[in-house]
Amino acid sequence: MRTAIITDIHGNREALEAVLADMAQRAVDRVVCLGDIVGYGPDPAWCVDRVMALAQAGAVVVKGNHDDAVANPSAEMNITARRAMEWTRPLLAEGQRAYLAGLPMQHRDGEVLFVHASANSPQDWIYVTDTSRALGSFAVCDARVILVGHRHVPDLMSRSIDGRVTQQRFVAGRPMPLLRTRRWLAVVGAVGQPRDGVAKAGYAILDEGTDELSFLRVGYDVAKTVAKLRAAGLPESLAVRLTWGA
Amino acid sequence: MQRPSQGLVIDGFTLAECLHKGGFATIWDCTHPDHPGRLAMKVPTILDGFDAPTIVGFEVEQMIAPRLTGPHVPKVIALGDFSSMPYIVTEWIGGGSLLEVFKGAPLPLSDVLEMASRMTEAVVDLHRQHVIHFDLKPANFLRRDSGAYVAIDFGLARHDHLPDLLAEEFTIPMGTFPYMAPEQYLRQRDDLRTDIFTLGALFYELATGRQPWGDPGSLRGVRKRLWRDPLPLRALRPDLPEWFQEIVLRCLEVDPKARYQSAGQLLFDLQNPGQVRLTARAAKLRADGRLAVFRRWRAMRGVKRLSAPAGVGAQMDEAPVLMVAVDLSPEAEGLNRLLLTAVRRMLAVQPDARVSCVNVLKTARIGIDSATDEAGDHLHVMRLVALREWGAELALEEGRISFSVLESSDPAAAIIAHANRNRVDHIIMGARGHSATRRYLGSVSAQVVSEASSSVTVVRVP
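Keep in mind it's a predicted model, so treat the numbers as computed, not measured.

> Just checking my understanding: could you explain the interface of chain A and chain B for this structure?
The extent of an interface is frequently quoted as the accessible surface area lost upon association of the parts. Taken together, the contacts link 16 residues of chain A with 16 residues of chain B. Taken together, the residues of the side of chain A that touches chain B sort by class into seven nonpolar, five polar and four charged.

> What should I look at first to understand the sheet that holds strand 11 (residues 201-207) of chain A in this one?
Sheet strands line up and pair through hydrogen bonds in the backbone, either parallel or antiparallel. Residue and element names in this part refer to chain A. Taking strand neighbours across the sheet as the criterion, the six strands line up as 3-2-1-11-12-9 in an open arrangement whose pairing is mixed. Both outer strands of the open sheet, strand 3 (60-61) and strand 9 (175-177), are each paired with one neighbouring strand and no more. Bridging between strand 1 (residues 2-6) and strand 11 involves four bridges; their strand directions are antiparallel. In the sheet register, Ala4 faces strand 11, and the bridge partner there is Ile205.

> So what exactly am I meant to see when it comes to the packing of helix 15 (residues 411-421) of chain B against helix 17 (residues 444-451) of chain B here?
For any two helices packed against each other, one specifies the crossing angle of their axes together with the interaxial distance. Residue and element names in this part refer to chain B. Two elements in contact, helix 15 and helix 17, have axes separated by 8 Å at closest approach and are oriented at 40°. In the packing of helix 15 onto helix 17, the handedness of the crossing is right-handed. Residues Pro411, Ala412, Ile415 and Ile416 of helix 15 form the contact with helix 17, whose participating residues are Val444, Gln447, Val448 and Glu451. When the residues that make up the contact of helix 15 with helix 17 are grouped by side-chain class, the tally is six nonpolar, one polar and one charged.

> Looking at this structure, how should I read the sheet that holds strand 4 (residues 106-109) of chain A?
Residues and elements named next belong to chain A. Spatial strand order, 4-5-6-10-7-8: six strands in an open sheet with mixed pairing. A single partner strand is all that each edge strand has here, and the edge strands are strand 4 and strand 8 (165-167). With strand direction ignored, the average angle separating the axes of adjacent strands in the sheet is 15°. Sheet analysis places strand 5 (residues 112-115) next to strand 6 (residues 145-148), joined by three bridges and oriented parallel. Its bridge partner being in strand 6, Leu113 is matched across the sheet by Ile146. Packed onto the sheet, helix 6 (residues 131-140) meets strand 6, strand 7 (155-159), strand 8 and strand 10 (183-187) and runs at close to 130° relative to strand 8.

Criteria and cut-off values
What you see as residue numbers is a count from 1 along each chain, following the sequence as written. Each chain is given a letter, starting from A, and each ligand a number, starting from 1, according to the order in which they appear as written. pLDDT decides what is reported in this predicted model: residues at 70 or higher carry local features, side-chain atom pairs at 80 or more are listed and counted, and totals for whole chains, interfaces and linings draw on all residues regardless. Throughout, a residue-residue contact means that the two C-beta atoms, derived from backbone geometry, are no farther apart than 7 Å. Ten residues, namely Ala, Val, Leu, Ile, Met, Phe, Trp, Tyr, Cys and Pro, are considered nonpolar, four, namely Asp, Glu, Lys and Arg, are considered charged, and the remaining ones, Gly among them, are considered polar. Strands are labelled as partners when DSSP assigns at least two bridges between them. In this text, helices come from DSSP runs of H or I with a minimum length of four residues, and strands from runs of E with a minimum of two, each type numbered from the N-terminal end. Orientation is described by axes fitted as lines to C-alpha atoms, over the contacting stretch for helices, and by angles from 0 to 180 degrees between their N-to-C directions. The hand of a helix crossing depends on one turn: near helix anticlockwise from the far one by less than a right angle means left-handed, and clockwise means right-handed.

Without other data, these values stay purely geometric and don't point to any function.
Dropping the structure here:
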């Protein structure tokens, strides 16, 4: 079974289209979306429709904090995210809002757990930025592989049999073996707003037949998305962020 | 977790005799109904399940070994995890390890060279697959019936494309004391030239019967090799040729930049002794004096890292062996100028590349060796002189360029054989224009392109 994992689309149509086109060439059996379909980007309604269509075709979708904020304005969000959310909300139809509000917080399938931010108290949207932040995720569940998004920076960590969690170097585009002697947590990079200095859409493919995870990057028409952001009057910092991927 | 024992059946594998009991693992003779013949099962000796170094080393091997292919690595059949019993099952390799052979050192020079070449061939193959071994030693080379050497035990290895489970785990240097490179002592795990140092230490032992720094028995003792040079080989065994001492001492340079930059380049020198450029290393008959050693000690005592490469991938790309097949006939003059330009361009982006210039002296028929008569001998030398003249235009220092005139009735086959024997990464050659003869006889470059195992660039006059 080969699962494509997409996350943090953030209303970036061009990036999502590029990822789906890339995926179509790579023998994928199903798609899982780890949330944050909307927020920041200029095409929230189109992206929700596209993800709903994927779900119709069998994709699993879990809820992200921006999806949640459509119905529940959050005081936790920074000013840029809040302004973008206020711009986003009126663009979404009733059915789209209901869809986002009804998304589950996490999805467990066999030995793999899919969740937006962290496995421990997922509603607190904890950023798994280092090994100590990953401890909680490993502690609260027995999933061998935990796949999260939220951070917009791809990362790979493992928990060895004696309980130590270590960060692991990975090479984008190469299959990383998820050794069965360990448990693994992977932060999948963002489709629509990368923050690791690479201005390309990110996603990942998990192959449960070979126990391998590939972090993938796909170029997309950044200039087009940036032009739309500016035309919509969204904060300039968002345009800069997409341009640099940081 | 189960423990291995004779007669144990696990995942279909039946354990027979225990063949080896080491500090970290046991090796078992085993069989499986789906896999004909003998197999070998390696089981780590894990005490109470919480023996971090053994566990991680075993995980590293489980990660890397199944991803390697070819005659120089054992074929992995199956892996077991901690839920039942951790193990790796591989094919059976019949020829035994080099441990016994090393006990017979010093060996005759011809045996030393044969073994050195075969060990280096195995390392070339590992590096080509983006793996640095970091624990090459006599016990970690097995022999196939075909004669090829197989590198085993990837517990300390690093694969350039995979997570390095060892990087964050331990704060002490890892390796086998007599063969460890200086940068390994400094805990650097990113340089394939580390394996080249270790090969040098192994060659030293084969030729002299002594390890270059003995067996220090402690890490502190390993540190000494950062400033103390080993006794030159010819001081222990004067009959060794200077070029061999040059090769070994170059491998054993403290600064990785002063060693061979790739195992392929080392192999080239082992197989072409006449082309080895001799330096002060070749003539040395005594270890350096106290003052020189003291100066090095002062320079090295505070060193935290030795010059590291930009990356293993970059190392492999930048230090290739390029082979240029040059046609020296007068009508190829224009083509040869283009060939020169093409080689110059490649050298600009691959500054550590080494160039092997080749010309084929076509013999009339198979079975007639033109070099045996005086006229043939003369022709051979003339060609060599002309080839050197052509190569001089590249203005490379001696050790980076070599010249060979091959004699054969089949030029393409000769070029391909030379490339294979010397593990050439890239062949550059010219193609002559269209002619009736070429149409009937076939072109040399086309045959090389289709049959060579390396990359081939064909240069043509537009």
